[in-house]
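Each chain is listed here by its residues.
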Protein chains: 2
Amino acid sequence: MARRTGRRPGNPDTREAILAAARAAFAERGFDATSIRAIATAAGVDPALVHHYFGTKEELFRATVAIPLDPAELLPAVLAAGPDGAGERLVRTFLAVWDSPAGVAAVALLRSAVSNEWTGRLLREFLVTQVLRRVLDGLDVDPTELPLRGALVGTQMIGLAMMRYVLRLEPVASAAPETLVATIGPTVQRYLTAPLPTP
Amino acid sequence: MARRTGRRPGNPDTREAILAAARAAFAERGFDATSIRAIATAAGVDPALVHHYFGTKEELFRATVAIPLDPAELLPAVLAAGPDGAGERLVRTFLAVWDSPAGVAAVALLRSAVSNEWTGRLLREFLVTQVLRRVLDGLDVDPTELPLRGALVGTQMIGLAMMRYVLRLEPVASAAPETLVATIGPTVQRYLTAPLPTP
């Protein structure tokens, strides 16, 4: 994060124009098919200015969804100890983030994703390219199974967020994190590494 | 449902006044603590008229959340064959409902519950009192564990609905129902009947 603190905030209008162009591009074409160059063209600025204000494409994407945390920094700790217990560690990290002050932004994003089609696409892209893909790349699973495993993990994690932070259904809303790690962690572990049914 | 078809639709203004009073009461005080009498008083009508227009308290509650299906009719089939496989059957029934024309209302309710605090409370009450409580009453589990088991099932089912119908994340959005029954069913089964961690 040292690069970001050293970066000047820049002209607010230019920043906002870049962010608006980036939101539209990521939502319409997805993270992978969107280039910094295309965003710069849409915003009417030089690509170097986009890098200067926002850093990498991943950092620009996180700025469009207003998420102050970097999955690339958080997830290695989840994956470092290997596949055993990765489900529990993923749930524990997830709760630590959402229970923290940064979780407010995550809840706002989730609420907005449900009511707004474009924000929904941004959240989906964020989940797939920044979180689920990283988690599954760190485990040794069949590449053809990655999309289904990632989406299954997504069903459980988004549902946990909905129940704990949006609908606030008890006892999940007030449960100690370790209670949820012990009950939901094995589910995530199964989605990550257990054999899938043959189609 | 024969009773409903035999019931006259009644005065639209009166019906709407009863529905508005019922929504407010269910959202504020919850399903259990709300009586038909209190709703009638708030709407300025006789309790007999509430019964006449809407039937039982359960039926009135379903009318406030605009859900055209009755969990009390659907869930016995899930529970009839006993606890074994109840998770798979619950996922199968859930998908059959949400994939049907009635699912449109369910998706609308879910979207609204996220953006509107009161609708969120209604959905929570609906889940707890009409769905989860019925499912768990049909199984033979420790009553002190019912709230946590029900909420855990809720995390998985709401997350499935979010991914398949709201965010439409592939491959879950287009997956064959039996693929989801085979992968997510065992999760729900575990939340329903497997031992919970000791607190």
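Residues numbered from 1 in each chain as written. Chains lettered and ligands numbered in written order. Predicted model: local features only at pLDDT ≥ 70, side-chain atom pairs only at ≥ 80, totals over all residues. Heavy atoms only, no water.

## Some details on the packing of helix α7 (residues 86-99) of chain A against helix α11 (residues 177-193) of chain A
Residues and elements named next belong to chain A.
- Two elements in contact, α7 and α11, have axes separated by 6 Å at closest approach and are oriented at 130°. Of the possible angle classes, the one that applies to α7 and α11 is oblique. Crossing of α7 over α11 shows right-handed handedness. Of the residues in α11, those touching α7 at Ala 86, Gly 87, Glu 88, Leu 90, Val 91, Arg 92, Leu 95 and Asp 99 are Pro 177, Glu 178, Leu 180, Val 181, Ile 184, Gly 185, Pro 186, Val 188, Gln 189 and Leu 192. (Axes fitted to C-alpha atoms, helices over the stretch in contact; angles between N-to-C directions. Helix = DSSP H or I, 4+ residues; strand = E, 2+ residues; numbered from the N terminus. Parallel < 35°, antiparallel > 145°, perpendicular 65-115°, else oblique. Left-handed = near helix turned anticlockwise from the far one by under 90°. Contact = heavy atoms within 4.5 Å.)

## A short note on the interface of chain A and chain B
- Opposite the 40 residues of chain A that make contact, chain B presents 41 residues.
- Interface area, chain A with chain B, both sides summed: about 3,400 Å², of which 72% is carbon and sulfur.
- The largest per-residue losses of area from chain A upon contact with chain B belong to Val 114, Thr 155 and Leu 167 of chain A, which jointly make up 18% of the total buried on that side.
- Along the contact surface separating chain A from chain B lie 16 residue pairs in polar contact (both at pLDDT 80 or more).
- Residue assignment for the side of chain A that touches chain B shows that the elements contributing at least two residues are α8 (103-115), α9 (117-137), α10 (146-166) and α11 of chain A.
- Of the residues forming the side of chain A that touches chain B, the biggest block, 13 residues, is contributed by α10 of chain A.
- Grouping the amino acids of the side of chain A that touches chain B by side-chain chemistry returns 26 nonpolar, eight polar and six charged. (Buried area = accessible area lost by both parts, 1.4 Å probe. Polar contact = N/O pair within 3.5 Å; in protein donor to acceptor, adjacent residues only side chain to side chain. Nonpolar A, V, L, I, M, F, W, Y, C, P; charged D, E, K, R; others polar.)

## A word on helix α4 (residues 47-54) of chain B
Residues and elements named next belong to chain B.
- All of the buried residues along α4 are Val 50, Tyr 53 and Phe 54. For α4, the buried positions fall inside an angular range of 75° around the axis, keeping them on one side.
- Its side-chain oxygen at 2.8 Å from the backbone nitrogen of Ala 48, Asp 46 defines the N-terminal cap of α4.
- Once α4 finishes, Gly 55 follows within two positions and takes phi at roughly 80°, a positive value. (Buried < 20%, exposed > 50% of the residue type's maximum accessible area, 1.4 Å probe, protein only. Arc of directions from axis to C-beta.)

## A few points about the UniProt feature "domain: HTH tetR-type" (unreviewed entry) in chain A
- According to UniProt, the "domain: HTH tetR-type" (unreviewed entry) feature falls on residues 12-72 of chain A.
- Here residues 12-72 of chain A is 72% helix and 0% strand, with 27 Å between the C-alpha atoms at its ends. (UniProt positions renumbered as here; feature names shortened; annotations may be inferred.)

## Looking at the environment of Asp 13 of chain A
All names here are of chain A.
- With respect to the helices, strands and loops of the structure, Asp 13 is situated in helix α2 (residues 12-29).
- Among the residues examined, Asp 13 registers a relative accessible area of 63% and is labelled exposed.
- As a C-alpha pair, Asp 13 and Asp 70 span 57 residues in sequence and 25 Å in three-dimensional space.

## Some words on the relation of the copies chain A and chain B
- Placing chain A over chain B gives an RMSD of 0.0 Å and needs a rotation angle of 180°, together with 0.0 Å of translation along the axis. The two molecules are tied by a two-fold rotation axis, judged by turn and shift. Scanning chain A for the C-alpha nearest the rotation axis identifies Gly 159 of chain A, at a separation of 1.7 Å.
- Here 100% of the contact residues of chain A are again contact residues in chain B; the copies associate through an equivalent surface. (Least-squares fit on C-alpha atoms with pLDDT ≥ 70 in both.)

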